[in-house]
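Observations on the three-dimensional arrangement
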Amino acid sequence: MTTTTRSLTELHSQVQHFYAHQMHHLDNRRFEEYAATFTEDGVFQHSPGAEPARGRAAIVRELVEFHKKFDGDPVRRRHWFNQIALEPQADGTVRSTVYALVVTVRPGGKPEINPSCTVHDVLVVDGDHIRLKSRLVTHDQVF
Amino acid sequence: MTTTTRSLTELHSQVQHFYAHQMHHLDNRRFEEYAATFTEDGVFQHSPGAEPARGRAAIVRELVEFHKKFDGDPVRRRHWFNQIALEPQADGTVRSTVYALVVTVRPGGKPEINPSCTVHDVLVVDGDHIRLKSRLVTHDQVF
Amino acid sequence: MTTTTRSLTELHSQVQHFYAHQMHHLDNRRFEEYAATFTEDGVFQHSPGAEPARGRAAIVRELVEFHKKFDGDPVRRRHWFNQIALEPQADGTVRSTVYALVVTVRPGGKPEINPSCTVHDVLVVDGDHIRLKSRLVTHDQVF
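Residues numbered from 1 in each chain as written. Chains lettered and ligands numbered in written order. Predicted model: local features only at pLDDT ≥ 70, side-chain atom pairs only at ≥ 80, totals over all residues. Heavy atoms only, no water.

1. Quick word on the overall build of chain A
This is how it is decided: By the criteria applied, helices consist of DSSP H or I runs no shorter than four residues and strands consist of E runs no shorter than two, each listed in order from the N terminus. Using C-alpha atoms as the atom set, the radius of gyration is obtained and then compared with a globule rule of 2.2 Å times the number of residues to the power 0.38. Type-normalised accessible area, obtained with a 1.4 Å probe on protein chains alone, sets the label of each residue: buried when under 20%, exposed when over 50%, and partly exposed for intermediate values. Method for areas: the Shrake-Rupley scheme with a 1.4 Å probe, in which residue coverage is limited to the protein chains shown. His is not counted here, nor are the chain ends, while Lys and Arg score as positive and Asp and Glu score as negative. A single reference atom marks each charge: NZ on Lys, CZ on Arg, CG on Asp, CD on Glu.
Along the backbone of chain A there are three helices and six strands. Traced from its N-terminal end to its C-terminal end, chain A shows the element sequence α-α-β-β-α-β-β-β-β. The C-alpha radius of gyration computed for chain A amounts to 16 Å, which stays within 12% of the reference 15 Å derived for 143 residues, consistent with globular compactness. By principal-axis analysis of the C-alpha atoms, chain A measures approximately 50 × 30 × 30 Å. For chain A, the proportion of its 143 residues judged to be buried stands at 55%. Put simply, chain A shows about 6300 Å² of open surface, and 50% of that area lies on carbon and sulfur atoms. Taking the average place of the 17 positive charges on the side chains of chain A and the average place of its 18 negative ones, the gap between the two points comes to 5 Å.

Below, the structure is given as structure tokens:
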């Protein structure tokens with residue numbers, strides 16, 4: 001990938017659309033589809049203290065485990081992303097740093113917006129194809 | 001419209017800009033301009049229980065009616081959109097599924113963010129021209 | 001700059017990415033980098049009642065001054081942007097009108113989202129290069 005402004009602009013739009021589908025997968029609990037947005041050996045760490053999940057099968061297991069806390073809880077979650085800043089790296093990958101808010105809604109309730117996070121992604125871009133090499137999510141309320 | 005990643009990426013950016021102008025129209029209560037973003041026979045249903053408004057004149061009437069509840073209420077509303085996921089359909093239309101939050105602000109007050117919705121659009125794309133064939137808004141707090 | 005839909009779509013994506021980096025600069029208190037996103041004689045007015053800062057040095061001073069109120073306050077701020085609506089002007093500049101929310105988080109706390117603003121920018125676009133000629137921020141709770 002070249003790093004001209006034009007190609008970076010195009011990539012920015014492509015990454016944003018990639019994230020949209022990815023988060024629809026996550027929020028609809030299509031974990032296999034979410035895991036498939038990572039490379040085969042992709043690493044997913046949803047908070048700095050958590051053990052990173054390595055590989056798609058481990059990512060699915062991690063998500064199944066994480067969502068058990070919502071068993072019997074009629075909750076809808078929506079992951080919002082904003083301010084996607086891309087930085088091409090010397091090794092050909094692309095760093096993507098993104099603001100994230102999680103919107104949580106329960107029947108008859110008002111949206112709760114918590115936590116505020118920063119998503120630190122490393123993207124592998126192969127032509128029209130984007131995959132996550134790694135994702136680390138930091139939480140803004142943890143200093 | 002072809003459905004290559006490149007053209008879909010371009011369309012994603014175009015749709016996002018289309019929505020920006022559309023929501024500025026709505027939040028500034030330029031209802032004629034909002035209605036003009038629909039096809040002549042466009043259908044607008046702002047919640048699953050509501051009777052759908054069919055055609056631009058009906059959409060304007062629906063919006064005038066809806067906003068009467070704000071008469072004498074110095075409120076500003078801002079519609080936020082996020083995670084626009086496009087899916088080209090076999091009939092040439094494009095499905096667009098979008099997260100939405102409504103931000104409400106009154107003089108001297110703090111923003112209230114409610115409700116959280118999902119916008120289900122069907123877009124007609126004719127070259128550089130986008131129009132809404134239909135919009136259905138579902139509300140996340142209704143299960 | 002031509003104002004075809006295609007070039008405007010591309011510019012929309014480019015502006016969005018420009019804002020992402022700019023807001024990461026601001027929220028990480030890299031004020032020199034933030035000021036460098038303005039033209040040499042750029043004007044920054046963060047609220048209608050404030051004296052506008054003219055030129056990059058003045059913009060840096062304004063931001064240093066503004067952030068003194070957070071001295072000793074372990075706060076993280078995140079500026080969210082949405083619904084970026086571009087309007088090319090006869091003089092070759094581009095008006096950009098943007099919804100903004102400020103997310104504030106303190107250790108162990110929940111995100112506070114306040115205020116809701118509208119950002120009124122005038123952009124100078126020179127090929128792949130974007131700079132802010134002026135920015136005026138209005139606050140939605142002030143009527």
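2. Observations concerning the packing of helix α1 (residues 5–27) of chain A against helix α1 (residues 5–27) of chain C
Short version of the rule: Helix axes use the C-alpha atoms of the stretch in contact, all axes being lines fitted to C-alpha atoms, and the angles between their N-to-C directions lie in the range 0 to 180 degrees. Oblique is the label for any angle not covered by the other classes, which are roughly parallel (under 35 degrees), roughly antiparallel (over 145) and roughly perpendicular (65 to 115). We call two residues in contact whenever any of their non-hydrogen atoms come within 4.5 Å of each other. Asp, Glu, Lys and Arg are counted as charged, while Ala, Val, Leu, Ile, Met, Phe, Trp, Tyr, Cys and Pro are counted as nonpolar; the rest, among them Gly, fall into the polar class.
α1(C) packs onto α1(A) with a crossing angle of 85° between their chain directions and a minimal axis gap of 9 Å. The orientation of α1(A) relative to α1(C) falls into the category roughly perpendicular. Where α1(A) approaches α1(C), its residues A:Thr5, A:Arg6, A:Leu8, A:Thr9, A:His12, A:Ser13 and A:Gln16 are matched on the opposing element by C:Glu10, C:Ser13, C:Gln14, C:Gln16 and C:His17. Its residues assigned to classes, the contact of α1(A) with α1(C) shows one nonpolar, nine polar and two charged.

3. A word on the interface of chain A and chain C
Spelled out, the test is: When two parts are brought into contact, each loses some accessible area as probed by a 1.4 Å sphere; the total of that loss over both is the buried area. When a carboxyl oxygen of Asp or Glu lies within 4 Å of a side-chain nitrogen of Lys or Arg, that pair is called a salt bridge. Polar contacts here mean pairs of N or O atoms no more than 3.5 Å apart (in protein, one a potential hydrogen donor and the other a potential acceptor; neighbouring residues in sequence count only if both atoms are side-chain atoms).
If you look at the interface, chain A gives 31 residues, while chain C gives 28 residues. Taking both sides of the interface into account, the surface hidden between chain A and chain C amounts to around 2500 Å²; carbon and sulfur atoms contribute 57%. In terms of surface lost to chain C, no three residues of chain A exceed A:Gln83, A:Tyr99 and A:Phe143, which account for 28% of the buried area on that side. Counting across the chain A and chain C interface gives four salt bridges. When the shortest N-O distance is used, the salt bridge between C:Arg78 and A:Asp140 registers 2.7 Å. Taken together, chain A and chain C are joined by 18 residue pairs in polar contact (both at pLDDT 80 or more). Of all elements in the fold, only α1, β3 (76–88), β4 (94–105) and β5 (112–126) of chain A reach the threshold of two or more residues within the side of chain A that touches chain C. With eight residues, β3(A) is the single largest residue contributor to the side of chain A that touches chain C. In terms of residue class, the side of chain A that touches chain C is built from 14 nonpolar, 13 polar and four charged.

4. Concerning the side chain of B:Thr97
The topology assignment puts B:Thr97 in strand β4 (residues 94–105). Residue B:Thr97 is classed as buried on the basis of its relative accessible area, which comes to 18%. Apart from residues no more than four positions distant in its own chain, B:Thr97 is found in contact with A:His24, B:Gln83, B:Ile84, B:Ala85, B:Glu87, B:Thr118, B:Val119 and B:His120.

5. Points about the pattern of salt bridges
Using the criterion set out here, one finds 24 salt bridges over all chains in the structure. Here A:Glu10 makes a salt bridge to B:Arg6, at a shortest N to O gap of 2.4 Å. Of this pair, A:Glu10 sits in helix α1 while B:Arg6 sits in helix α1 (residues 5–27), on two different chains. Among the residues examined, A:Glu10 registers a relative accessible area of 35% and is labelled partly exposed. Each of A:Arg6, C:Glu10 and C:Asp128 takes part in a single network of salt bridges with overlapping partners.

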